[in-house]
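Summary of structural features
These are the residues of each chain, in order.
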Amino acid sequence: MRATAVVDSARRTLGPVGVCLPVSSTATASVGEERAGVRQLEHAGYRAAWTNEVIGKDALTQLSVLLAATEQMTFGTCVATIWARPPQTTHAAAAYLAQAHPHRFTLGLGVGYRQQAESVGRGFGRPLATLRDYVTGMDNHTRPPAPEAAYPRILGANGPKMLQLAAEIADGALPAGQPPEHTARARQLLGPDKLLVVGQLVVVDDDRDRARARARQVVTTWSTSATFRAGLAELGYPAKESVQASDRVVDALVAHGGPDTIAAKVHAHLAAGADHVTLLLPLGTEFTPGIHQLTLIAPALTDLT
């Protein structure tokens, strides 16, 4: 069975590499700063940009502004949390964006965290069942969108069960913070006809020692999750190495250094089966400096095929 038209279209418009907009830990970027930032990224040659979502921030409203501010850039959510809005509302909003900006929008959905569910007075439940029910609910009691309002729907998925769910009920998956070996496994689980978007952790710094030190901090933060450690162990990285953030783990998970080093890691994911790789700067990176970093490395990345 060949890929659906919506997956074929997403592969063409997303291109091989994109960027996730920086997420500051001190202040939310203004609308003007975000408009200027995405225009700068588009001018630098990036064809796609992604944005995160937490409770209290509506990623779809944000993307409506950024889509209108750019000419051809494709946008996606990495990921929109299912706790932010009812499923039918998510579907209606996504279809509206897709109709307004054809072939320029990809919806990434994620089950998020127990605290997010509790913050809106909901029970977290079992992640697989919860996400399945949500995706099913997106299409229940909702009129099918017009053909021009079709959009790809992918699931935030690292573990094999969530990847299998994505293969069953969605157009693809978006794993993040994983080595290329995981990308190869994800492609195998999804099959050839699904969209595979990979989130690659990056630290941009020409100073090799400083870049690795910052990358180690990133890995230390991610490795606090027992699920994350277990997943790496299945790929041959023992939990002890993850907790200690060994050089081997740091080098496997984080593209750190100059443009060529980062491009090599992106290429490794593409060779392993990714359709698209989006670059994830460390959480807490200030917005404008982060945009500057991504612009500096663009020449080494935007010509990748």
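One structure accompanies this document, and this report is about it. (Residues numbered from 1 in each chain as written. Predicted model: local features only at pLDDT ≥ 70, side-chain atom pairs only at ≥ 80, totals over all residues. Heavy atoms only, no water.)

Bringing the packing of helix α8 (residues 180–190) against helix α13 (residues 259–272) into the picture now. In contact at an axis separation of 8 Å, α8 and α13 are set at 25 degrees when each is read in the N-to-C sense. The orientation of α8 relative to α13 falls into the category roughly parallel. Crossing angle aside, the handedness with which α8 passes α13 is right-handed. Contacts between α8 and α13 pair P180, T183, A184 and R187 from the former with K265, A268, H269 and A272 from the latter. A per-class count over the contact of α8 with α13 returns four nonpolar, two polar and two charged. (Axes fitted to C-alpha atoms, helices over the stretch in contact; angles between N-to-C directions. Helix = DSSP H or I, 4+ residues; strand = E, 2+ residues; numbered from the N terminus. Parallel < 35°, antiparallel > 145°, perpendicular 65-115°, else oblique. Left-handed = near helix turned anticlockwise from the far one by under 90°. Contact = heavy atoms within 4.5 Å. Nonpolar A, V, L, I, M, F, W, Y, C, P; charged D, E, K, R; others polar.)

To continue, consider helix α14 (residues 287–301). Its 15 residues place the ends of α14 20 Å apart at the C-alpha level, agreeing with the 21 Å of an ideal helix rising 1.5 Å per residue. Bending of α14 peaks at approximately 25 degrees at the position of T295, with proline P299 no more than four residues after it. Those residues of α14 not exposed but buried are F287, G290, I291, L294, I297, A298 and L301. Packing partners of the buried residues in α14 comprise β1 (17–20), α2 (31–44), β8 (195–204), α13 and β10 (276–280). (Expected span 1.5 Å × (residues − 1). Bend = angle between axes of the 7 residues up to and from the residue. Buried < 20%, exposed > 50% of the residue type's maximum accessible area, 1.4 Å probe, protein only.)

Moving residue by residue along a regular strand, the side chains alternate between the two faces of the sheet. Taking burial as the measure, the 10 residues of β8 include nine buried ones, the bulk of the element. Direction of pairing for strand β7 (residues 172–174) relative to β8: parallel, over a ladder of two bridges. In the sheet register, G172 faces β8, and the bridge partner there is L195. Taking the sense of rotation as the criterion, the β-α-β connection linking β7, α8 and β8 turns out right-handed. Here five bridges tie β8 to β10, and the two strands are oriented parallel to one another. By the bridge assignment for β10, V197 is matched with H276. The pairing of β8 with strand β9 (residues 254–257) spans four bridges and is parallel. When the bridges of β9 are listed, V203 appears paired with H256. (Pairing = 2+ DSSP bridges. Right-handed = clockwise from strand over helix to strand, strands pointing away.)

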